[in-house]
Amino acid sequence: MITYNCDGVSMPKIKKRATTTWIKAVAASYSRRVGEVGYMFVDDEKILEVNNEYLGHDYYTDIITFDYDEGDTINGDLVISLDTVRTNAEKFGKDYMEELHRVIIHGILHLCGINDKGPGEREIMEAAENKALAMLKG
């Protein structure tokens with residue numbers, strides 16, 4: 001089950017049913033099933049607080065992924081700052097909804113085992129994001 005909640009912000013205008021179907025299709029393309037995945041949409045202050053408390057990081061970010069995977073079933077909590085998504089969309093000249101979908105699937109890709117911190121991993125993640133976004137549009 002995939003749930004969508006918000007704390008301190010309005011729920012983004014995503015099509016929840018279509019987004020859920022898309023997320024399941026992307027996970028399936030990595031031979032994963034979706035178990036319990038919870039999205040929490042927040043503002044910059046809240047994501048900074050979560051980043052500090054759970055990761056010891058003192059900076060804003062667009063998404064924090066908490067991974068509770070069990071075998072081939074993905075489970076996790078994904079905290080997304082809509083403020084940072086909007087800032088990044090403006091910075092990179094992207095449509096806000098496209099950037100939001102990129103961040104939504106970024107967390108799922110982490111749960112599927114794709115990393116983005118090591119050498120060459122950022123490019124692999126971006127390619128996976130682009131492939132997933134194409135599935136949404138297709």
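Calculation criteria
- Residues numbered from 1 in each chain as written.
- Predicted model: local features only at pLDDT ≥ 70, side-chain atom pairs only at ≥ 80, totals over all residues.
- Heavy atoms only, no water.
- Helix = DSSP H or I, 4+ residues; strand = E, 2+ residues; numbered from the N terminus.
- Rg over C-alpha atoms; globule rule 2.2 N^0.38 Å.
- Buried < 20%, exposed > 50% of the residue type's maximum accessible area, 1.4 Å probe, protein only.
- Contact = heavy atoms within 4.5 Å.
- Areas by Shrake-Rupley, 256 points an atom, 1.4 Å probe, with all protein chains shown as cover.
- Lys, Arg positive; Asp, Glu negative; His and termini not counted.
- Charge placed at Lys NZ, Arg CZ, Asp CG, Glu CD.
- Core = buried A, V, L, I, M, F, W, Y, C linked by side-chain atoms within 4.5 Å.
- Axes fitted to C-alpha atoms, helices over the stretch in contact; angles between N-to-C directions.
- Parallel < 35°, antiparallel > 145°, perpendicular 65-115°, else oblique.
- Left-handed = near helix turned anticlockwise from the far one by under 90°.
- Nonpolar A, V, L, I, M, F, W, Y, C, P; charged D, E, K, R; others polar.
- Phe/Tyr/Trp six-rings, centres within 6.5 Å; stacked < 30°, edge-to-face > 60°.
- Pairing = 2+ DSSP bridges.

1. Concerning the overall build of the chain
Across its full length, the chain holds 5 helices and 4 strands. Listing the helices and strands of the chain from first to last along the sequence gives β-α-β-α-β-β-α-α-α. Against the 2.2 N^0.38 benchmark of 14 Å for 138 residues, the chain shows a C-alpha radius of gyration of 14 Å, consistent with a compact globule. Along the first, second and third principal axes, the C-alpha set of the chain runs to 35 × 35 × 30 Å. By residue count, 45% of the 138 residues in the chain fall in the buried class. Intrachain contacts of the chain at a sequence separation of at least 6 include 63% that bridge at least 24 residues. If you sum the accessible surface of the chain, you get close to 7500 Å²; carbon and sulfur atoms cover 50% of it. With 16 positive and 24 negative side-chain charges, the chain shows a separation of 9 Å between the mean positions of the two kinds.

2. Focus on the nonpolar core
Counting residues in each nonpolar core, the largest one holds 32 residues, and the members touching the most others are Ile23, Tyr39, Phe41 and Ile80. Of all the elements in the fold, those that place two or more residues in this core are strand 1 (2-6), helix 1 (16-28), strand 2 (33-42), strand 4 (73-81), helix 3 (82-91), helix 4 (96-111) and helix 5 (121-137). Ranked by residue count, the leading element in this core is helix 4, at 8 residues. Not counting chain neighbours up to four residues away, the residues in contact with isoleucine 23 comprise Ile2, Tyr4, Val34, Tyr39, Ile104, Ile105 and Ile108.

3. As for the packing of helix 1 against helix 5
As a packed pair, helix 1 and helix 5 sit with axes 10 Å apart at the nearest point and diverge in direction by 135°. With respect to each other, helix 1 and helix 5 are oriented oblique. Judged by the twist between their axes, the crossing of helix 1 over helix 5 is right-handed. In this structure, helix 1 uses Trp22, Ala25 and Val26 to contact helix 5, whose residues at the interface are Ala132, Leu133, Met135 and Leu136. Partitioned by chemical class, the residues of the contact of helix 1 with helix 5 number 7 nonpolar, no polar and no charged.

4. Overview of the packing of aromatic side chains
If you walk through the whole model with that rule in mind, you get 3 aromatic pairs. Both rings, one in tyrosine 4 and one in tyrosine 39, keep their centres 5.5 Å apart while their planes meet at 5°; by these two values the pair is stacked. Taken together, the residues tyrosine 4 in strand 1 and tyrosine 39 in strand 2 connect sequence positions 35 residues apart. On the basis of relative accessible area, tyrosine 39 is assigned to the buried category, the value being 1%.

5. As for unusual backbone geometry
In this structure, serine 31 is a non-glycine residue whose phi angle is positive, near 60°. Tracing the backbone through its elements, the reader meets serine 31 in the loop between helix 1 and strand 2. The exposed category is assigned to serine 31, whose relative accessible area is 58%.

6. Some remarks on the pairing of strand 3 (residues 63-67)
As paired strands, strand 3 and strand 4 are joined by 5 bridges and run antiparallel to one another. Its bridge partner lying in strand 4, isoleucine 64 is registered against valine 79.

7. Remarks on the packing of helix 4 against helix 5
Look at helix 4 against helix 5: their axes get within 9 Å of each other, and the N-to-C directions meet at 120°. Crossing of helix 4 against helix 5: the hand is right-handed. Residues Glu98, His101, Arg102, Ile105, His106, Leu109 and His110 of helix 4 form the contact with helix 5, whose own contacting residues are Arg122, Met125, Glu126, Ala128, Glu129, Asn130, Ala132, Leu133, Leu136 and Lys137.

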